[in-house]
Amino acid sequence: MKKVAVFGKPGSGKSTLSKELASASGIPLHPLDAIVFKPNGERVARPDYDAAHMQILNSERWIIDGFGPIDSFYQRLEHADTLIYIDLPYPLSYWLVTKRFAKGLFVTPEGWPEGSSIVKGSIESYKTLRLCPKFWNADFRVRLEQLSAGKSLHIINSLAKLNHFVSDNVG
């Protein structure tokens, strides 16, 4: 495990898992939101994002959590040696976004872009969740299986698996 892509629906625990994985493994963590957004919450220019993303992909060890632009997502899957797909049931994903929103009114959520609105971000998460079945579906799973040839693929589909992933996989 040297180059790790962590991905899945909004609110699925990508940031929390990635932080725990980085802490346990010593692999540098690069939250995608920190690459996509400026500290004030605005999106960075696409050429700047692409350059930063490619610099990370070409480094020896990394964990990147998130999705980002679709073409960069597939670049990440190609460069990674370990793919971690958090595929929690939709009702649970909606609950986790709601929980993050409620907590975020008092404490900035883990991995949340600095200066970004928790209200706007939560609304975007809900909108994205509504659209997710168009992407995170059986066709994606088939493509993921193909892309994972020669790689380590982990599909996490329950909170129990999510909560024990690091202890079960980093020794």
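Look up: the structure comes first, before these words.
Keep in mind it's a predicted model, so treat the numbers as computed, not measured.

> Explanation requested: the pattern of salt bridges in the structure shown.
Think of it this way: side chains of opposite charge can pair up when their charged atoms draw near. Enumeration according to the criterion identifies 5 salt bridges in this entry. Residue D87 is joined to K9 by a salt bridge in which the shortest nitrogen-to-oxygen separation is 3.1 Å. Linking D87 in the loop between strand 4 (82-86) and helix 5 (90-104) with K9 in the loop between strand 1 (3-8) and helix 1 (14-25), this pair joins segments that are 78 residues apart in sequence. A single burial state applies to D87 and to K9, both of which are buried. For D50, the salt bridge identified is with R46, shortest N-O distance 2.7 Å. Here the residue D50 and the residue R46 both occupy positions in helix 3 (residues 46-57), the gap between them amounting to 4 residues, near one helical turn. Assessed through its relative accessible area of 34%, R46 is described here as partly exposed.

> What should I look at first to understand the environment of H79 in this one?
Here H79 lies in helix 4 (residues 70-79). Residue H79 is classed as partly exposed on the basis of its relative accessible area of 30%. Along the chain, H79 and P47 lie 32 residues apart, while their C-alpha atoms are 19 Å from each other. If we skip the residues at most four places from it in the chain, H79 touches K3, L57, N58, W62 and K151.

What counts, and where the lines are drawn
- Residues numbered from 1 in each chain as written.
- Predicted model: local features only at pLDDT ≥ 70, side-chain atom pairs only at ≥ 80, totals over all residues.
- Heavy atoms only, no water.
- Salt bridge = Lys/Arg side-chain N within 4 Å of Asp/Glu carboxyl O.
- Helix = DSSP H or I, 4+ residues; strand = E, 2+ residues; numbered from the N terminus.
- Buried < 20%, exposed > 50% of the residue type's maximum accessible area, 1.4 Å probe, protein only.
- Contact = heavy atoms within 4.5 Å.

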